[in-house]
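# Structural description and commentary
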Amino acid sequence: MIILPAIDIKDGKCVRLYKGDFGTVHQVAESPLETALAFKKAGAEWLHMVDLDGAKTGLGANSHIFLEIAAKSGLKVELGGGVRDMETLDYYLSKGISRCILGSAALKNPQLVRKAVDKYGERIAVGIDAVNGMVAAEGWLEVSDVPYIEMAKEMEKIGVKTLIFTDISKDGTLEGPNFEQLAVLTNSVSCNVIASGGIRDLIHIRLLADMNIYGAICGKSIYSGTLDLASAILAADPDRLFAKNDLIPAIVQEDSTGEVLMLAYMNRESLQKTLATGTTWFWSRSRQELWNKGATSGHYQHVVSVTADCDNDTLLVKVIQDGDACHTGSHSCFFKDIVPRH
């Protein structure tokens, strides 16, 4: 599964909304380009961008921002909001945007989608935004009488390969996406499905990955700090870590102080359980079994982030430690001085 960090633009600024309500708009970052570069540094390959002004008016007042980011960030940019005709598609897709999203236009003008797919193929995605299962349009200001599954099947017939699904009631809430509607959608069409709206943490990422969702858009969770982007990218595709060995070392570090607490080993299953439960799980080489740190002592490690080193063969796990990490009663397992401290 791919992770697409999100940047929504209104009046040239990086903003977020709550449940699509323009009255809740608030700025979340200073510079769109610097934000995109930070996402790139964290390991992102794709960036999801929305022109909120365009979603309401169809005008492209923010187009220079999207083109600058596509040219300078090194990220593949997926862009939606106000893309409602072939002229706009031709403009963006000829100037560095990797994929354009048709939303309101797809609902009201299926012939445009057909023409766009005939010309641009997989570079066209369709956004399906729903309220109580019914498709919304015009920046989520209008709700149709078209069920989201009906629209998805129609887009599949036209040849659309990628659908971006948002339950508007979940957007910006950090309550989790609508897993039930996503499951129905993935079982109803063969298109790649990207989940959007409500994603909070690594547990949500793992649940989506286990559903074989193609991609996940993360916005508020990144800006509010409930989701570490590098960790999300790792959680979305953990198998790449085990190309060399079935076991990899995991360095556990206290998040608040940076103190190294312990070193243990993880296999695929223990990493997945760590990501799914939010506490650390390891593989015991002596007992040949999984173990959950704190299950006996009560000194659990609550995971803040999990990142890989440059070679993808060592993990750094930042945690909030309950009590002491070491079985000796020391907070850290690293307390024996080989060279005296000065």
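The following paragraphs examine the structure supplied in this document. None of these values were measured; they are calculated from a predicted model.

## Let's talk about the side chain of Ser-332
The residue Ser-332 is located in the segment after strand E18 (315-321) in this model. Under the relative-accessibility criterion, Ser-332 is labelled buried at 3%. A polar atom in the side chain of Ser-332 sits 3.0 Å from the backbone nitrogen of Phe-334. Residues within four places of Ser-332 in sequence aside, it is in contact with Glu-259, Val-260, Leu-261 and Cys-326.

## As for the pattern of salt bridges
Side-chain pairs of opposite charge can arise where the charged atoms are in close proximity. Enumeration over the complete set of coordinates arrives at eleven salt bridges. Here Arg-206 and Asp-210 are joined by a salt bridge, their closest N and O atoms 2.7 Å apart. Taken together, the residues Arg-206 and Asp-210, both in helix H9 (residues 202-210) and four residues apart, mark about one turn of the helix. Residue classification places Arg-206 among the buried residues on the basis of a relative accessible area of 6%. Assessed through its relative accessible area of 52%, Asp-210 is described here as exposed. In this structure, Asp-239 and Arg-268 form a salt bridge, with 3.6 Å as the shortest nitrogen-oxygen distance. Of the two residues, Asp-239 is situated in the loop between helix H11 (229-236) and strand E13 (248-254) and Arg-268 in helix H12 (residues 268-277); the sequence distance between them amounts to 29 residues. The class of Arg-268 is partly exposed, set by a relative accessible area of 33%. In this structure, a network of salt bridges that share partners links the residues Lys-10, Asp-11 and Asp-53.

## As for the packing of H9 against H12
Between H9 and H12, whose axes approach to 6 Å, the crossing angle comes to 125°. In terms of orientation, H9 lies oblique with respect to H12. Of H12, the residues touching H9 (which contributes Leu-202, Ile-203 and Arg-206) are Gln-272, Leu-275, Ala-276 and Thr-277. Partitioned by chemical class, the residues of the contact of H9 with H12 number four nonpolar, two polar and one charged.

What counts, and at which threshold
Residues numbered from 1 in each chain as written. Predicted model: local features only at pLDDT ≥ 70, side-chain atom pairs only at ≥ 80, totals over all residues. Heavy atoms only, no water. Helix = DSSP H or I, 4+ residues; strand = E, 2+ residues; numbered from the N terminus. Buried < 20%, exposed > 50% of the residue type's maximum accessible area, 1.4 Å probe, protein only. Polar contact = N/O pair within 3.5 Å; in protein donor to acceptor, adjacent residues only side chain to side chain. Contact = heavy atoms within 4.5 Å. Salt bridge = Lys/Arg side-chain N within 4 Å of Asp/Glu carboxyl O. Axes fitted to C-alpha atoms, helices over the stretch in contact; angles between N-to-C directions. Parallel < 35°, antiparallel > 145°, perpendicular 65-115°, else oblique. Nonpolar A, V, L, I, M, F, W, Y, C, P; charged D, E, K, R; others polar.

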